[in-house]
Structures are given as structure tokens and as C-alpha cells.
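The residues making up each chain are set out below.
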Amino acid sequence: SLIAQRVMRERKLHVHFGFPCVWQERHPHNLLKDISAEMWGMQHIVAFANLLNETPLPGKSVLDDVRWLYGVFQHVPWIPAGVSELGLAWCGDMETVL
């Protein structure tokens, strides 16, 4: 969502967060495992937001800007391995449907 908000802000677009519009009944799961999976994001959210805000975007298209950001992530040592590859693969998938 931070990536989407960064790209949208460049184009003077906005996102609205509101109450959930669906009820999701969850299967039983380990809450400690869930929170441990969220820890990296909680520990790095400010640095990640700053990186997004400080990175100039080429501004060709939304998809090009998203692809650009995932390319930048490849050179940031504290971003986990695989994040860039996953994001770039998603961009490739989006190109096939657009």
C-alpha cells in the first residue's frame, strides 16, 4: 500500500481507508507466528516510507513507476531478498493484462 500511495501521490491521486466492507472468518492459526511475520515491517516502516518518499519517479506511467521502485529495492541491503524479484514479476504480469 505504501508503494501504491507513493505512485498515486505523484499523480495527485488519493486513497481512502475506511471500515471493512466484508467479514472474513479466519481459520484457526498461531497468532505468535502471525505477529513474528509482521515484525520486519514494523521495524522498518519508517525507513521504507522515507526511501519511497526520497526516490524520484520517472513519471512515464503508473506501472513504470512501480517497476522503477522495485528496481531501486534491489540495491537496498536491508530489504529482504526476493522482494524486488516478486514485485518485478508482478509488474510483468500486469503488462500482459493491460
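Position numbers for residues count from 1 along each chain, tracking the sequence in the order it is written. Only residues with pLDDT of at least 70 are given local features in this predicted model, and only at 80 or more are side-chain atom pairs given and counted; all residues enter the totals for whole chains, interfaces and linings. Remark: hydrogens and water are excluded; side-chain values derive from all non-hydrogen atoms of the structure.

A. Layout of the overall build of the protein chain. Each helix is a run of H or I in the DSSP string that is no shorter than four residues. Each strand is a run of E no shorter than two, and both are numbered from the N terminus. A tally of helices and strands in the protein chain yields four helices and zero strands. Across the protein chain, helices and strands are ordered from the amino to the carboxyl terminus as α-α-α-α. Relative to its length of 98 residues, the protein chain is extended, with a C-alpha radius of gyration of 16 Å against a globular reference of 13 Å. Dimensions of the protein chain, computed from C-alpha atoms along their principal axes, come out at roughly 45 × 35 × 30 Å. Working definition: with a 1.4 Å probe on protein chains only, accessible area under 20% of the residue-type maximum means buried, over 50% means exposed, and in between means partly exposed. Looking at the protein chain as a whole, 22% of its 98 residues are labelled buried. Pairs of residues are marked as contacts when any of their non-hydrogen atoms sit within 4.5 Å. Long-range contacts, defined here as pairs at least 24 residues apart, represent 59% of the contacts in the protein chain between residues at least 6 apart. Per element, the accessible surface of the protein chain, about 7800 Å² overall, is 63% carbon and sulfur. The atom set for the radius of gyration is the C-alpha atoms, and the globule formula is 2.2 Å times the number of residues raised to the power 0.38. Residue exposure ignores everything except the shown protein chains as possible cover, and the areas themselves are Shrake-Rupley values with a 1.4 Å probe.

B. Molecular detail of unusual backbone geometry. The phi dihedral of Lys12 falls on the positive side, at around 60 degrees, and the residue is not glycine. With respect to the helices, strands and loops of the structure, Lys12 is situated in the loop between α1 (2–10) and α2 (31–54).

C. A look at the packing of α1 against α2. Where α1 contacts α2, the two axes come as close as 10 Å, and the packing angle between them is 25 degrees. When the axis of α1 is compared with that of α2, the two are roughly parallel. Every pair of crossing elements has a handedness; the one defined by α1 and α2 is right-handed. Note on element contacts: α2 touches α1 through Ile45, Phe48, Leu52 and Asn53, opposite Leu2, Ile3, Arg6 and Arg9. Each residue gets one of three labels, nonpolar for Ala, Val, Leu, Ile, Met, Phe, Trp, Tyr, Cys and Pro, charged for Asp, Glu, Lys and Arg, and polar for the others, Gly among them. For the contact of α1 with α2, a count of residues per class yields five nonpolar, one polar and two charged. Note on definitions: angles span 0 to 180 degrees between N-to-C directions of axes, and those axes are lines fitted to C-alpha atoms, for helices only across the stretch in contact. For classification, angles of less than 35 degrees are called roughly parallel, those exceeding 145 degrees roughly antiparallel, those between 65 and 115 degrees roughly perpendicular, and all remaining angles oblique. If you view the pair so one helix is near and one far, a crossing is left-handed when the near helix is turned anticlockwise from the far one by less than a right angle, and right-handed when it is turned clockwise.

D. Expanded view of a nonpolar patch on the surface. A surface patch of nonpolar side chains, about 400 Å² in accessible area, is lined by Leu32, Ile35, Met39 and Met42. Taking the relative accessible area as the measure of exposure, Met39 reaches 34% and is therefore partly exposed. Patches here are clusters of residues that have more than 30% relative accessible area and form no salt bridge, with a 9 Å joining cutoff for like charges and a 5 Å cutoff for nonpolar side chains (Val, Leu, Ile, Met, Phe, Trp, Tyr). Just to be clear on terms, a salt bridge is a Lys or Arg side-chain nitrogen sitting within 4 Å of an Asp or Glu carboxyl oxygen.

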